[in-house]
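# Architecture and fold: a report
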Amino acid sequence: MSAATVFDLQRDAFGRLVLTDAQGQAHVGVVAVRAFPISAPEVGISVVDVDGHELAWVPRLDELDDARRTLLTEALEQREFMPRLLRVTAVSSFATPSTWSVETDRGPTSFVLKGEEDIRRLGPGLLIVNDAHGVQYLIQDLLGMDKHSRKLLDRFL
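Residues numbered from 1 in each chain as written. Predicted model: local features only at pLDDT ≥ 70, side-chain atom pairs only at ≥ 80, totals over all residues. Heavy atoms only, no water.

## So, the layout of surface pockets
Unoccupied space between atoms shows up once a probe the size of one water molecule is rolled over them. We apply this condition: Lining residues are defined by having an atom within 4 Å of a point belonging to a cavity or pocket. Those points lie on a 1 Å grid over the protein atoms alone, cavities being sets where a 1.4 Å probe fits but cannot get out and pockets being open sets with protein on both sides within 12 Å along at least five of seven lines. Grid points are joined across faces, edges and corners, and a volume is the space filled by probe spheres set on the points. Put simply, DSSP marks the helices as runs of H or I at least four residues long and the strands as runs of E at least two long, and each gets a number from the N terminus on. Side-chain classes follow a simple rule in which Ala, Val, Leu, Ile, Met, Phe, Trp, Tyr, Cys and Pro form the nonpolar group, Asp, Glu, Lys and Arg form the charged group, and the remainder, Gly included, forms the polar group.
Each pocket or cavity is described by its volume, and for the largest pocket that value is around 500 Å³. If you go around the largest pocket, you meet 17 residues; those closest to its centre are Arg34, Pro37, Glu80, Met82 and Leu138. Elements with a minimum of two residues in the lining of the largest pocket: strand S4 (31-34), helix H1 (66-79) and strand S12 (136-139). Of the residues contributing to the lining of the largest pocket, the split by class is seven nonpolar, two polar and eight charged.

Spelled out as structure tokens, the structure:
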């Protein structure tokens, strides 16, 4: 039996995600978690209960019907707030802490970078920048960024 047929998924009146397993037991307040959120976001989704116990495993989102895929995708987006950093427009100082003005896929913003250790390389051209409030910004293609942004980032890498 595939992952697409062993559980039902819906929202209750309070907006909480409810998984009903193959035995008919309803689990209220479940959370969707990606196994590989950056490198393979559509592969390996775990649905866990409020205590973190896995209730269902979805090998691929595209294996689900539209209703369940939509619910899981919405749940994942609500849980994973990670704006993509597209451009660095200004940096207040090359010493940390410094205030960065950036453009993201969700619009312009600014944040404080506490230290250079808050910029982590995840692979070739792939970085995560953590701000002072714990928000993570994803840089998916460092070499694809404009020259000014790369120059500013290079000062911290």
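## Remarks on the packing of aromatic side chains
Under the convention used in this document: Under the pairing criterion, centres of Phe, Tyr and Trp rings, with the six-membered ring standing for Trp, must be within 6.5 Å; the plane angle then separates stacked pairs below 30 degrees from edge-to-face pairs above 60, leaving the rest tilted. Throughout, exposure labels follow a simple rule: accessible area from a 1.4 Å probe, protein chains only, divided by the maximum for the residue type, with under 20% read as buried, over 50% as exposed, and the rest as partly exposed.
One pass over the full model with this rule turns up four aromatic pairs. On the numbers, 5.0 Å between centres and 50° between planes, the contact of Trp100 with Phe156 is tilted. Of the two residues, Trp100 is situated in strand S8 (residues 98-104) and Phe156 in the segment after helix H2 (147-154); the sequence distance between them amounts to 56 residues. For Trp100, a relative accessible area of 0% puts it in the buried group. Ring geometry for Phe111 and Tyr137: centres 4.6 Å apart, planes at 20°, overall stacked. One end of the pair, Phe111, is in strand S9 (residues 107-113); the other, Tyr137, is in strand S12, and 26 residues separate them in sequence. The exposure class assigned to Tyr137 is buried, which follows from its relative accessible area of 5%. Through a chain of ring-to-ring contacts, the aromatic side chains of Phe94, Trp100, Phe111, Tyr137 and Phe156 assemble into a single cluster.

## What to know about H2
Note the following rule: Arc, as used here, means the arc of the directions from the helix axis to the C-beta atoms. Here, two residues are considered to be in contact whenever any of their heavy atoms come within 4.5 Å of each other. Polar contact is the term for a pair of N or O atoms within 3.5 Å; when the atoms are in protein, one must be able to donate a hydrogen and the other to accept it, and sequence-neighboring residues count only if both atoms are side-chain atoms.
Considered for burial, the residues of H2 that qualify are Ser149, Leu152 and Leu153. The buried side chains of H2 occupy one side of the element, clustering within an arc of 100° when seen end-on. Exposed positions of H2 whose direction lies more than 90 degrees from the buried face are Lys147 and Lys151. In this structure, the buried side of H2 is in contact with strand S7 (85-91), S8 and S12. Two to three positions downstream of the cap, the backbone nitrogen of His148 sits 3.3 Å from a side-chain oxygen, assigning the N-cap of H2 to Asp146.

## Examining the environment of Val112
Note on placement: Val112 falls in strand S9. Residue classification places Val112 among the partly exposed positions, given a relative accessible area of 33%. Along the chain, Val112 and Ala132 lie 20 residues apart, while their C-alpha atoms are 5.4 Å from each other. Beyond its immediate chain neighbours, meaning those up to four positions away, Val112 contacts Pro97, Ser98, Thr99, Asp131 and Ala132.

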